[in-house]
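# Overview (structure and organization)
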Amino acid sequence: MPVLSFNKSMRTVFAASVGVALSAQAVLADKVEDAKALVDSFYSNLIRENYPPMINMFMPNATAQYTTKYGYGLPDDVFNFTREEVQAYADIEIPEEYLEYFKDYNELDRSYSILSVQESGETVTITGQAVQSYEMKNYKGQNIQTDTFVVKFPEGVETPLIADYKGVLTFK
């Protein structure tokens, strides 16, 4: 009889440990899915040029850097910004001479995809890419924006937030 009760005990312990492992995987999967949903929302708003909701996707102390690579021997533009500065950039008045240069610009389509997702401890790092196809005079090209998001899950906040962002826009 002691052997029988030992087996029953072992089965109970094994079943409990499997349950704990599966629930841990479910929590991990939820973190990844929640982070992916945040990045999907970021890109959806970016494509619609709906910038105000994007501001609330960043943690108050988030770091962000955006690089524009023009090619043709022109230097890259690199700027760092805070969550508060995003609104200022979204509301900036575009100079008339810049608008004149792009008068023949015609956007053909916009799309995005998530390229990779990596969970590490309390963060999820997602690499995504937005592609904008355009034509200008007799030239067709693409703006390819590759982004890396470090997403965290702050206590007391219902949704994940972007803690670190790096974006690189390349003109092709």
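Residues numbered from 1 in each chain as written. Predicted model: local features only at pLDDT ≥ 70, side-chain atom pairs only at ≥ 80, totals over all residues. Heavy atoms only, no water.

Turning our eyes to something else, we now look at a nonpolar patch on the surface. A contiguous nonpolar patch, built from Tyr72, Leu74 and Tyr139 and spanning about 400 Å² of accessible area, is present on the exposed surface. Within the secondary structure, Leu74 sits in the loop between strand 1 (58-69) and strand 2 (77-81). (Patch = residues over 30% accessible without salt bridge, like charges linked within 9 Å, V, L, I, M, F, W, Y side chains within 5 Å. Areas by Shrake-Rupley, 256 points an atom, 1.4 Å probe, with all protein chains shown as cover. Salt bridge = Lys/Arg side-chain N within 4 Å of Asp/Glu carboxyl O. Helix = DSSP H or I, 4+ residues; strand = E, 2+ residues; numbered from the N terminus.)

Another aspect to go through is the nonpolar core. Of all hydrophobic cores here, the largest spans 27 residues; its most connected members are Phe42, Tyr43, Met57, Phe58, Phe149, Ile162 and Tyr165. Those elements that place two or more of their residues in this core are helix 1 (2-47), helix 2 (52-55), strand 1, strand 4 (123-136), strand 5 (139-152) and strand 6 (161-171). Looking at which element gives the most residues to this core, the answer is helix 1, with 7 residues. Sequence-distant contacts of Met57, defined by excluding residues within four places in its chain, comprise Leu38, Ser41, Phe42, Asn45, Leu161 and Ile162. (Core = buried A, V, L, I, M, F, W, Y, C linked by side-chain atoms within 4.5 Å. Buried < 20%, exposed > 50% of the residue type's maximum accessible area, 1.4 Å probe, protein only. Contact = heavy atoms within 4.5 Å.)

Looking now at the pairing of strand 5. Across 14 bridges, strand 4 lies against strand 5 in antiparallel orientation. Bridged to Thr127 within strand 5 is Thr148. Pairing of strand 5 with strand 6, which is carried by 10 bridges, proceeds in the antiparallel orientation. Residue pairing for strand 6: Val151 is matched across the bridge by Ile162. (Pairing = 2+ DSSP bridges.)

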